[in-house]
Amino acid sequence: PPGPVVVVAAHPDDETFGAGGLIHSCARSGHSVAIITVTDGEGARSDLDRPGIVRRRELRAALSCLSERYIQWHRLGMPDGNIALHELTVERAIKTRLPPDATLIAPFEHDGHPDHEAVARICIELGKRRNVPVLRYPIWAWHHSSPAAWQSGDFVRFPLNAESRRAKSRAIRCFASQLDSRYTHAVMPEHVLGYFSRPYEAFLR
């Protein structure tokens, strides 16, 4: 619908994998787009020096691939892996950054990652209280979910044109720390990437 789009991510890169094409398309069509990252994702690569800084740098590069226009980015800086202990703080922070006519894009509440699911719970409840639509994007659920997990909503398909797919592909490649398998197993291995190169993105509503 018309109005701002606010994309919430538990970690930098979730917004790109789950909704990068949507972000690109909305920015191109003139929507105001804002990104909220709840953590810096510092827990994914403990072997890196200052991993939170690395992840933030990667996100800035990815957003520049997704839009030539300015995309607002709000960093909450909560501890990676422990969002469930800070749900009230996160809810307040998201609420102050959510325009009344926004569409809220959030993680999937059965995604199989505790941070994703905590952020999803917060956004779903906030959507009910503020009467704003909430669309949820799966990440890990594509790879290791069971059919029962998908019963909590109806899927909608957001088609991506060639330009959006190229922009999303470039943005994904910015997250080298998550794709690198030279020194450790890749956080996002090659066999999972296919879920995010489709000619569409799928959301539950």
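Just so it is clear, the model here is predicted, and its values are computed rather than measured.

Undergrad: When you look at the side chain of H11 in this model, what are you seeing that I'm missing?
TA: Position of H11 relative to the elements: it lies in the loop between β1 (5-9) and α1 (14-28). One polar contact links H11 to D80, side chain to side chain, over a distance of 3.0 Å. Not counting the four nearest positions on each side in its chain, H11 is found in contact with T39, G41, R55, D80, H113, D115 and H116.

Undergrad: Quick question: what am I supposed to make of helix α3 (residues 87-96) here?
TA: One turn of the α-helix equals 3.6 residues, which is why residues spaced by three or four share an orientation. Along α3, the positions that sit buried rather than exposed are V90, E91, A93 and I94. Down the axis of α3, the buried set is contained in an arc of 165°. They therefore lie on one face. Its buried side turned inward, α3 meets β1, β2 (33-39), β3 (72-78) and α4 (114-130).

Undergrad: Quick question: what am I supposed to make of the packing of α3 against α4 here?
TA: The axes of two packed helices give the description: the angle between them and the distance between them. Interaxial distance between α3 and α4 falls to 10 Å at its minimum, and their mutual angle equals 50°. Overall, the two elements α3 and α4 adopt an arrangement that is oblique. Both α3 and α4 take part in a crossing whose hand is right-handed. Together, E87, V90, E91, I94 and K95 of α3 and A118, R121, I122, C123, L126, R129 and R130 of α4 make up the contact between the two elements. A per-class count over the contact of α3 with α4 returns 6 nonpolar, no polar and 6 charged.

Undergrad: Before we go on, may I ask you to explain the packing of α1 against helix α6 (residues 162-173) in this structure?
TA: Contact geometry of α1 with α6 gives a least axis separation of 9 Å together with a crossing angle of 130°. With respect to their mutual orientation, α1 and α6 come out oblique. Viewed along their axes, α1 and α6 form a crossing whose handedness is right-handed. Packed against α1, whose contacting residues are T16, F17, G20, G21, H24, S25 and R28, the element α6 presents E163, S164, A167, K168, A171 and I172 at the interface. Considering only residue class, the contact of α1 with α6 consists of 4 nonpolar, 6 polar and 3 charged.

What counts and what doesn't
- Residues numbered from 1 in each chain as written.
- Predicted model: local features only at pLDDT ≥ 70, side-chain atom pairs only at ≥ 80, totals over all residues.
- Heavy atoms only, no water.
- Helix = DSSP H or I, 4+ residues; strand = E, 2+ residues; numbered from the N terminus.
- Polar contact = N/O pair within 3.5 Å; in protein donor to acceptor, adjacent residues only side chain to side chain.
- Contact = heavy atoms within 4.5 Å.
- Buried < 20%, exposed > 50% of the residue type's maximum accessible area, 1.4 Å probe, protein only.
- Arc of directions from axis to C-beta.
- Axes fitted to C-alpha atoms, helices over the stretch in contact; angles between N-to-C directions.
- Parallel < 35°, antiparallel > 145°, perpendicular 65-115°, else oblique.
- Left-handed = near helix turned anticlockwise from the far one by under 90°.
- Nonpolar A, V, L, I, M, F, W, Y, C, P; charged D, E, K, R; others polar.

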